[in-house]
Amino acid sequence: MAFKQIELNMGPQHPSTHGVLRLKLTVDNEVVLKIEPVIGYLHRGMEKLWEHRTYPQITPLTDRLDYIAAILNNLAYVLAVEKLAGLEVPKRAQYIRVILAELQRVASHLAWAGFNANDIGAASVLLYSFIEREGVLEVFEAYCGARLTVHALRIGGVANDLTPKLIALIRQVVAAVPQRLADIEALLSENRIWKHRTIGIGHIAPDDALRYGLTGPALRAAGVCWDLRKNIPYSSSEDFDFEVPLGQNSDVYDRYLVRMAEMRQSLRIITQALDRLPEGELCAKVPRFLKIPPGEVFHTIEGAKGELGFYIKSNGTDKPERVKMKAPSFINMQCFEKMCQGYLIADVVAILGSLDIVLGEIDK
Amino acid sequence: MNQHALIFDLLIPLLKAAAVCIYLMVMVIIMVWLERRLVGWMQGRLGPNRVGCQGVLQPIADTVKLLLKENIMQKQADWLLFNIAPIIVLVSALLAFCFIPFGDTIPFKGYTFTFWVAESPVGLLLVMGISSLSVFALVFGGWGSNSKYPLLGGLRSVIQILSYEIPVALAVLAVVFYSKSMNLVAIVQQQHETGWNILKLPLIVPFFIFWICAVAETNRAPFDLPEAESELVAGFHTEYSGIKFAFFFMAEYTHMVLASSLAVVLFFGGWLAPFSQVKALAWLHPFPGAGVLWYFIKIMGFLCLFIWIRGTFPRYRFDELIKLAWKWMVPLALLNIFIVALIRIW
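These numbers come from a predicted model, not from an experiment. (Residues numbered from 1 in each chain as written. Chains lettered and ligands numbered in written order. Predicted model: local features only at pLDDT ≥ 70, side-chain atom pairs only at ≥ 80, totals over all residues. Heavy atoms only, no water.)

## Concerning the overall build of chain B
Regarding its fold elements, chain B presents twelve helices and two strands. For chain B, whose C-alpha radius of gyration is 21 Å, the value lies close to the compact-globule estimate of 20 Å for 346 residues. Counting only C-alpha atoms, chain B reaches 60 × 50 × 45 Å along its principal axes. Buried residues in chain B amount to 54% of all 346 residues. Sequence-distant contacts, at least 24 apart, represent 79% of the contacts inside chain B between residues at least 6 apart. Of the roughly 15,700 Å² that chain B leaves accessible, carbon and sulfur atoms contribute 75%. Counting 23 positive and 18 negative side-chain charges, chain B places the centres of these two groups 5 Å from one another. (Helix = DSSP H or I, 4+ residues; strand = E, 2+ residues; numbered from the N terminus. Rg over C-alpha atoms; globule rule 2.2 N^0.38 Å. Buried < 20%, exposed > 50% of the residue type's maximum accessible area, 1.4 Å probe, protein only. Contact = heavy atoms within 4.5 Å. Areas by Shrake-Rupley, 256 points an atom, 1.4 Å probe, with all protein chains shown as cover. Lys, Arg positive; Asp, Glu negative; His and termini not counted. Charge placed at Lys NZ, Arg CZ, Asp CG, Glu CD.)

So, in structure tokens, the structure goes:
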């Protein structure tokens, strides 16, 4: 029987396109020949909006980009502004930022573990990882009252201090997460079905990955050692001792292994930062009306999804003239078609899950 | 006397058939509730616990909701195929229970009351045949919807069910070799004398083949590809709504009960108490008709196993699934049937 190629619409309302992403698939039976991602369903005009807001007003808006990892957005933005304004952030604030950012990375990776496993059919993992993510969100709630869009960082420092009670809570979370990771690994790592579904799927050569601008865990799974916390340290990340987990085969399974290992490294960083938390101010002296002399800056950090950067151009007023965001999900999405070619529809959702995209960041 | 014949030959079988239908509907309700609660428990959440005691009335509320919902049929769907599919799927699932023995016999004033609707020398064959009719429903539903996701779901289900039909038939054939009968009642009675089939060495492998294939044929996780939520939204029944969707839903659970019943009848001694041939354990079967309880306990075990499997495994990919059937299940079942045949001849 001659089976005609059909065009299949995946999304924007589909259980596993991680939000409002639409994929136009051209399939022959179940083999994917072509993928065209259609984005923009969540476009809110963020970058234009920022041109009409003062510098401190922009910080809470960045929460809404990658809503799974809001603190990392905050961090990327405030670091860029501080670099442009030449502000010196107190050491204690830097450490608190590191603790919050790494907790956020753990929360983001946990959410990813759940979503990716759920896409591949292991629904229980989603629930297990969300139990621990809940613990992290409770820390955020105790820190600043919000759970998802936290607005925890300020230009020049942080909003609140870490109280001893909060430190005890963080230590509790840090102690609990590895057990849950072990649970998830027990369910997946050696599971034949999981390995069938992930090993060798969504391969991209390291050269291609670099050419496409792939960053983050997906790039490290290809064996390229590029972690901005090591390569271009920021916010005292050079003070901490941690490893950069690398993969070899650049497939869905390696991305899974890399992210699982990264969570453990993040926990290591948190423990070290808590142990060595210096005394001092929480915030640099920032003028009430922050006016930044004309100039431009670009600063990137290692976000949960990849290199997260902000380009800011100031014109001497209290509002930026232009802000451009380097959204890792958006750039990682470029590789998607290349990764999917020749695989099956079932693999498309697995690969999409392994890229860990967030539409809030892609559509801005 | 004629009056009695009317009662015994017509009225009682009719009542039995009605009872089986009601029993299955009740089982569906129990299973929907149990599945949601059990999976919830495994995943560290609550599941429905608001409607009625511990949420037992939730499935009834859901059914009422589905009954009241609008029946949508999109314009491009084929009217006949689209509407006939839910009927076929439910009827085939219910009809197969005709030959399943639920319990032992109760003698009553010269009349022997049996816990099965009908007995046939080829009962097993009929059960397998009737239950496979449901593949037509999946094809009709998938193709008749004339829509892309159901089409892919329909394609998947046809290949899947046809592939797994073969190893399951071969596995069941091993039991037939042992019991020298295709009569399900006779198969159970034979186990009364020789012990449960699962305890016989050559029948252990067929049981596992049977069980894996049963999970695959009922479209349950990890083989739930035709309706893989994260890929095909709802597979072949994407376009169905209201009561027609409920029919597919009920049929899936009825098939689960059927697969569990077959596993119990073929391998776990049907209505028999454990080690029923041992005189000292006769108290496990204290009165005629107690077999129904044993049957029920056993199928509940299997139904819970279905749920447990769903809570544990990720989903197979389509090509892996077919590979599993043709590269492992079929050769293994063939080899096994050869061994069983040799043992029986010898």
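## Structural notes on the sheet that holds strand β2 (residues 22-28) of chain A
All names here are of chain A. Here we have three strands laid out as an open sheet, ordered β1-β2-β3, and antiparallel in their pairing. Sheet topology places β1 (6-10) and β3 (31-38) at the edges, where each strand pairs with a single neighbour. On average, adjacent strands in this sheet sit at an angle of 25 degrees to one another, irrespective of strand direction. As paired elements, β2 and β3 share seven bridges and run antiparallel to each other. Bridge pairing in β3 links Lys24 to Glu36. Set on the sheet, helix α14 (residues 345-355) makes contact with β1, β2 and β3; between it and β1 the angle comes to about 35 degrees. (Pairing = 2+ DSSP bridges. Axes fitted to C-alpha atoms, helices over the stretch in contact; angles between N-to-C directions.)

## Focus: the packing of helix α8 (residues 204-217) of chain B against helix α12 (residues 318-345) of chain B
Residues and elements named next belong to chain B. The interhelical angle for the contact between α8 and α12, taken along N-to-C directions, is 150 degrees, at an axis separation of 10 Å. When the interaxial angle is binned, α8 and α12 end up roughly antiparallel. Crossing angle aside, the handedness with which α8 passes α12 is left-handed. Residues Val205, Pro206, Ile209 and Ile212 of α8 form the contact with α12, whose own contacting residues are Leu324, Met329, Leu332, Ala333 and Asn336. Looking at side-chain class alone, the contact of α8 with α12 contains eight nonpolar, one polar and no charged residues. (Parallel < 35°, antiparallel > 145°, perpendicular 65-115°, else oblique. Left-handed = near helix turned anticlockwise from the far one by under 90°. Nonpolar A, V, L, I, M, F, W, Y, C, P; charged D, E, K, R; others polar.)

## Structural notes on the sheet that holds strand β8 (residues 320-326) of chain A
Residues and elements named next belong to chain A. The three strands lie next to each other as β6-β7-β8, forming an open sheet whose pairing is antiparallel. The open sheet has two edge strands, β6 (295-302) and β8, and neither has a second partner. The sheet shows a mean angle of 10 degrees between the axes of neighbouring strands, direction not considered. Pairing geometry for strand β7 (residues 307-314) and β8, over six bridges, is antiparallel. The partner of Phe310 across the bridge, within β8, is Met325.

## Structural notes on unusual backbone geometry
Excluding glycine, most residues fall at negative phi; most peptide bonds, likewise, are trans. Located in the positive-phi region is A:His151, a residue other than glycine, with phi close to 50 degrees. Along the chain, A:His151 turns up in the loop between α5 (123-144) and β4 (153-154). The phi torsion at B:Lys180 lies on the positive side, around 55 degrees, for a residue other than glycine. With respect to the secondary-structure elements, B:Lys180 resides in the loop between α6 (148-179) and α7 (184-194).

## Notes on a nonpolar patch on the surface
A contiguous nonpolar patch, built from B:Val56, B:Leu57, B:Ile60, B:Val64, B:Leu67 and B:Leu68 and spanning about 540 Å² of accessible area, is present on the exposed surface. Here B:Leu68 is to be found in helix α2 (residues 58-68). (Patch = residues over 30% accessible without salt bridge, like charges linked within 9 Å, V, L, I, M, F, W, Y side chains within 5 Å. Salt bridge = Lys/Arg side-chain N within 4 Å of Asp/Glu carboxyl O.)

## Some remarks on the interface of chain B and chain A
On the chain A side, the residues contacting the 23 residues of chain B number 34 residues. When chain B packs against chain A, the two sides together hide about 2,600 Å² of surface, and 61% of this comes from carbon and sulfur. Put simply, chain B and chain A have one salt bridge between them. The salt bridge involving A:Asp347 is made with B:Arg317; its shortest N-O contact spans 3.0 Å. Connecting chain B to chain A are seven residue pairs in polar contact (both at pLDDT 80 or more). Of all elements in the fold, only α6, α9 (229-232), α11 (291-312) and α12 of chain B reach the threshold of two or more residues within the side of chain B that touches chain A. In terms of residue count, the dominant contributor to the side of chain B that touches chain A is α6(B) (six residues). (Buried area = accessible area lost by both parts, 1.4 Å probe. Polar contact = N/O pair within 3.5 Å; in protein donor to acceptor, adjacent residues only side chain to side chain.)

## Thoughts on the nonpolar core
Counting 94 residues, the largest nonpolar core has B:Leu184, B:Phe210 and B:Leu266 as its most contacted members. It is helix α10 (residues 242-267) of chain B that provides the largest number of residues to this core, a total of 15 residues. Excluding anything up to four places from it in sequence, B:Leu184 contacts B:Phe99, B:Ile100, B:Pro101, B:Gly123, B:Leu124, B:Val127, B:Leu262, B:Val265 and B:Leu266. Counting 87 residues, the second-largest nonpolar core is a separate cluster that includes A:Tyr77, A:Leu187, A:Leu308 and A:Ile312. (Core = buried A, V, L, I, M, F, W, Y, C linked by side-chain atoms within 4.5 Å.)

## Details of the side chain of A:Glu307
Within the element layout of this structure, A:Glu307 appears in strand β7. Excluding its chain neighbours within four sequence positions, the residues that come into contact with A:Glu307 are A:Thr215, A:Gly216, A:Trp226, A:Leu228, A:Thr300, A:Ile301, A:Lys326 and A:Pro328.

## Concerning the pairing of β1(A)
All names here are of chain A. Of the two faces of β1, only the one carrying Ile6, Leu8 and Met10 is buried; Glu7 and Asn9 on the other face are not. Relative to β2, β1 is paired through five bridges, and the arrangement is antiparallel. Paired with Ile6 across the two strands is Val27, which belongs to β2.

## A few points about the packing of aromatic side chains
The full count for this structure, using the stated rule, is 25 aromatic pairs over all chains. Note on B:Phe82 and B:Tyr240: the rings are 4.1 Å apart at their centroids and 5 degrees apart in plane angle, and the pair reads as stacked. Linking B:Phe82 in helix α3 (residues 79-95) with B:Tyr240 in the loop between α9 and α10, this pair joins segments that are 158 residues apart in sequence. Comparing B:Phe82 with B:Tyr240 shows no difference in burial state: the two are buried. Centre to centre, the rings of B:Phe207 and B:Phe268 are 5.3 Å apart; their planes meet at 70 degrees, and the pair counts as edge-to-face. Placement of B:Phe207 in helix α8 and of B:Phe268 in the loop between α10 and α11 is noted, with a sequence separation of 61 residues between them. For B:Phe268, a relative accessible area of 19% puts it in the buried group. Among the aromatic residues, those joined into a ring-pair cluster are B:Trp196, B:Phe207, B:Phe208, B:Phe210, B:Trp211, B:Phe267, B:Phe268, B:Phe302 and B:Phe306. For A:Lys230, the ring lying beneath its charged end belongs to A:Phe242, and the centroid distance is 4.2 Å. (Phe/Tyr/Trp six-rings, centres within 6.5 Å; stacked < 30°, edge-to-face > 60°. Lys NZ or Arg CZ within 6 Å of the ring centre and 35° of its normal.)

## Some remarks on the packing of α8(B) against α11(B)
Residues and elements named next belong to chain B. Two numbers describe how α8 lies on α11: the axes approach to 12 Å, and their chain directions differ by 65 degrees. In the packing of α8 onto α11, the handedness of the crossing is right-handed. In this structure, α8 uses Phe207, Trp211 and Val215 to contact α11, whose residues at the interface are Phe302, Leu305, Phe306 and Ile309. When its residues are assigned to classes, the contact of α8 with α11 shows seven nonpolar, no polar and no charged.

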